[in-house]
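# Structural features, examined
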4 protein chains.
Amino acid sequence: MNTKEKAYAIAKAKMYDNDAFSQWLGIEILDLDAGKAVLQMTVRPEMTQGFGIAHGGITYSLADSALAFASNSHGVKSVSVETSISHLMVVNKGDTLTATATEESLSNKIGIYTIKVVNQDEKLVALFKGTVYRSSQEWIKIA
Amino acid sequence: MNTKEKAYAIAKAKMYDNDAFSQWLGIEILDLDAGKAVLQMTVRPEMTQGFGIAHGGITYSLADSALAFASNSHGVKSVSVETSISHLMVVNKGDTLTATATEESLSNKIGIYTIKVVNQDEKLVALFKGTVYRSSQEWIKIA
Amino acid sequence: MNTKEKAYAIAKAKMYDNDAFSQWLGIEILDLDAGKAVLQMTVRPEMTQGFGIAHGGITYSLADSALAFASNSHGVKSVSVETSISHLMVVNKGDTLTATATEESLSNKIGIYTIKVVNQDEKLVALFKGTVYRSSQEWIKIA
Amino acid sequence: MNTKEKAYAIAKAKMYDNDAFSQWLGIEILDLDAGKAVLQMTVRPEMTQGFGIAHGGITYSLADSALAFASNSHGVKSVSVETSISHLMVVNKGDTLTATATEESLSNKIGIYTIKVVNQDEKLVALFKGTVYRSSQEWIKIA
């Protein structure tokens, strides 16, 4: 199993199949690998808020899912401890958002990721930074 | 109209009535005033993720809604520019979360808020800090 | 040795005596206890920047020292992994700043602290949030 | 005056010449342009703290200076409102740090920047994100 297959196996077995909220969001996996994740979703009317635009929590949730997929891809259970997001542009109903997670740093216990979220015009709508704590639990054993 | 009535009038007229996602979340307003908001919701199964616990985006969304209600309560349209959240404890299906927003600083153009999210046992599950930009648009005129 | 004495013993033996930069800053310890620290300093001319006010790094440094004292006070070596600071008011040459660190959450491996920095008029000039990773190394043994 | 000359003129006239703390830090400007800044410094003994390594405030100060130079380079006075920094690796006495600021987003009133700080081995030691508020004051007029 190479790093890409491992990342998909973890995502399938342990996370996405049971991730009811990511499914409600309509998140699709475009790419996964060790320390990487690219996820996509389209904003539906029930995801909007009082200003007639997507609730900030929608963009955050997409980015946070990308953090989870990217950080867990190594096979070690990783939990988010601190995340920040800058909302840069309005996201409208009907927009398609793509989140790309990049691993900035990985030590034995701590991983740092940036996630860029762009819309269908490739405009950056949000910039997310996430810190995870890496436990000693492994997701899967590789035979 | 006092500050409390004004905060509720803004929330009702401009935000909550049209906030489809906050309604999907089941957010209830417990208290509003100038610079303050207390919101509550209960975690449903469709809000959980692959670890069998609430998706980080759910807690963020509740806190972000509290930020929006608190910062817009003064009658000036305010938009979130930067937010961070520390996830401190696991949130489970069935937990009831209460978010309390406090205004830490308010200048002409920038407002800073902290939001504490506790569960039904009064345990702190998340600590959120939000920065808003205050535009020159007013929500409502007071006669 | 009670919690207060232990916090002072750690600060003295392991940190402050060797902390050249905190000494350059002129930081004084007003109070220490388990999970708590109150530090004070006065802004000198060599700490200012091009706008004629204190460099943002000065306020950050004071708050970051408060984080270090508060998080190491339990006797377990703790290192900062992620910190954020909101600069709320201009800090001028001659201002006396007091930073108070509060422990918001403490688990086996992660601690979360907020630090409020006020000036001599008790005005909040900065709001800091810090996340530390707690190693398994102990600072001192209690006989 | 092109964008590069303008960035240097602002840095010289308005900021660096009067920035006592950046001078104490020994910050050198390697490159400036519209929305960009590359700064370098070397860690001296008086910049270290109780763990025998550089105080977190030193790395922050370098990154914060890079934020100031990059965001003010457009000629509009910009002030930091919220910054975060992840400390990824220990910085030792004698290390040479290089901070590179990149503009992620720029609107009329808000700018978002990431600053990466590497050591002499090109290892990433810190990741910084900064949000600035852009006032309506101009630094210099271009004839």
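Residue indices begin from 1 for each chain and proceed along its sequence in written order. Naming scheme: in the order in which they are written, chains are lettered from A and ligands are numbered from 1. Since the coordinates come from a predicted model, pLDDT governs what is reported: local features require at least 70, and pairs of side-chain atoms require 80 or more to be given and counted, while whole-chain, interface and lining totals use all residues.

### Re the relation of the copies chain B and chain A
Spelled out, the test is: We place the copies in one frame by least squares, fitting the C-alpha atoms of every residue whose pLDDT is at least 70 in both. For every residue pair, C-beta atoms are placed from the backbone, and the pair is scored as a contact if these atoms sit within 7 Å.
Once turned by 180° and shifted 0.0 Å along the axis, chain B lies on chain A with an RMSD of 0.0 Å. Classification of the inter-copy transformation places it as that of a two-fold axis. Among all residues of chain B, the minimum C-alpha distance to the rotation axis is found for Ser84 of chain B, at 1.9 Å. In this assembly the copies share their binding face: 100% of the residues contributing to the interface of chain B also contribute to that of chain A.

### Points about the interface of chain A and chain D
What counts, and what does not: Under the DSSP-based scheme used, a helix requires at least four consecutive residues in state H or I and a strand at least two consecutive residues in state E, with every element numbered from the N terminus. All residues other than Ala, Val, Leu, Ile, Met, Phe, Trp, Tyr, Cys, Pro, Asp, Glu, Lys and Arg, Gly among them, are scored as polar; the first ten of these are nonpolar and the last four charged.
Across the contact, ten residues belong to chain A and ten residues belong to chain D. Elements that contribute at least two residues to the side of chain A that touches chain D include exactly β3 (76-87), β4 (96-106) and β6 (124-138) of chain A. It is β6 of chain A that contributes the most residues to the side of chain A that touches chain D, four residues altogether. Across the side of chain A that touches chain D, the residue classes tally to four nonpolar, four polar and two charged.

### Section: unusual backbone geometry
Residues and elements named next belong to chain A. Selection rule: Note on burial: count the other C-beta atoms lying within 10 Å of the residue's C-beta; 20 or more is buried, 12 or fewer is exposed, in between is partly exposed, and C-beta positions come from the backbone.
Phi is positive for Glu122, close to 65°, though the residue is something other than glycine. Tracing the sequence through the fold places Glu122 in the loop between β5 (110-118) and β6. Judged by the 7 C-beta atoms lying within 10 Å of it, Glu122 is exposed.

### Observations regarding the interface of chain B and chain A
With 31 residues of chain B at the contact, the number on the chain A side is 31 residues. Among the secondary structure elements, those contributing two or more residues to the side of chain B that touches chain A are α1 (3-15), α2 (20-25), α3 (56-72) and β3 (76-87) of chain B. Take the side of chain B that touches chain A: its biggest share by element is eight residues, from β3 of chain B. Within the side of chain B that touches chain A, the residues separate by chemical class into eleven nonpolar, 15 polar and five charged.

### Concerning the pairing of strand β1 (residues 28-33) of chain B
Residues and elements named next belong to chain B. So the rule is basically this: The pairing criterion for strands is at least two bridges between them, as found by DSSP.
Pairing geometry for β1 and strand β2 (residues 36-42), over five bridges, is antiparallel. Looking at β2, one finds that Glu28 is bridged to Gln40. In textbook terms, the turn of a hairpin is the stretch between consecutive antiparallel strands, and for β1 and β2 this stretch comprises two residues, one of which, Gly35, has a positive phi near 75°.

### Some words on helix α3 (residues 56-72) of chain D
Where we set the bar: Between the first and last residue of a helix there are one fewer steps than residues, each counted as 1.5 Å, and that sum is the expected span.
Across its 17 residues, α3 of chain D extends 24 Å between first and last C-alpha, which sits within 8% of the 24 Å expected from 1.5 Å per residue. Most of α3 of chain D sits out of view: 17 of its 17 residues are buried.

### Here we look at the environment of Ala54 of chain C
All names here are of chain C. If you trace the backbone, Ala54 turns up in the loop between β2 (36-42) and α3 (56-72). Taking the C-alpha atoms as reference points, Ala54 and Val43, separated by eleven residues in sequence, lie 7.0 Å from one another. Leaving out residues up to four positions away in the same chain, Ala54 has contacts with Val43, Met47, Thr48, Thr59, Val91 and Asn92.

### Section: the environment of Glu5 of chain A
With respect to the element layout, Glu5 of chain A can be found in helix α1 (residues 3-15). For Glu5 of chain A, a count of 12 C-beta atoms within 10 Å translates into the label exposed.

### Quick word on the packing of helix α3 (residues 56-72) of chain A against α3 of chain B
Helix-helix packing is characterised by the crossing angle of the two axes and by the distance between the axes. We count it as follows: In this description, a line fitted to the C-alpha atoms serves as the axis of each element, helices being fitted only across the stretch in contact, and the angle between N-to-C directions of two axes falls anywhere from 0 to 180 degrees. In what follows, roughly perpendicular refers to angles from 65 to 115 degrees, roughly parallel to angles under 35, roughly antiparallel to angles over 145, and oblique to any angle outside these ranges. By definition, turning the near helix anticlockwise from the far helix through less than a right angle yields a left-handed crossing, and turning it clockwise yields a right-handed one.
Relative to each other, α3 of chain A and α3 of chain B sit at 155°, their axes nearing to 9 Å. Of the possible angle classes, the one that applies to α3 of chain A and α3 of chain B is roughly antiparallel. Like other packed secondary-structure pairs, α3 of chain A and α3 of chain B cross with a definite hand, here right-handed. Every residue of α3 of chain B that contacts α3 of chain A at Gly56, Gly57, Tyr60, Ser61 and Asp64 of chain A is listed here: Gly56, Gly57, Tyr60, Ser61 and Asp64 of chain B. Looking at the contact of α3 of chain A with α3 of chain B residue by residue, the classes come out as two nonpolar, six polar and two charged.

From the geometry alone we can't say anything about function, so treat these as descriptive.
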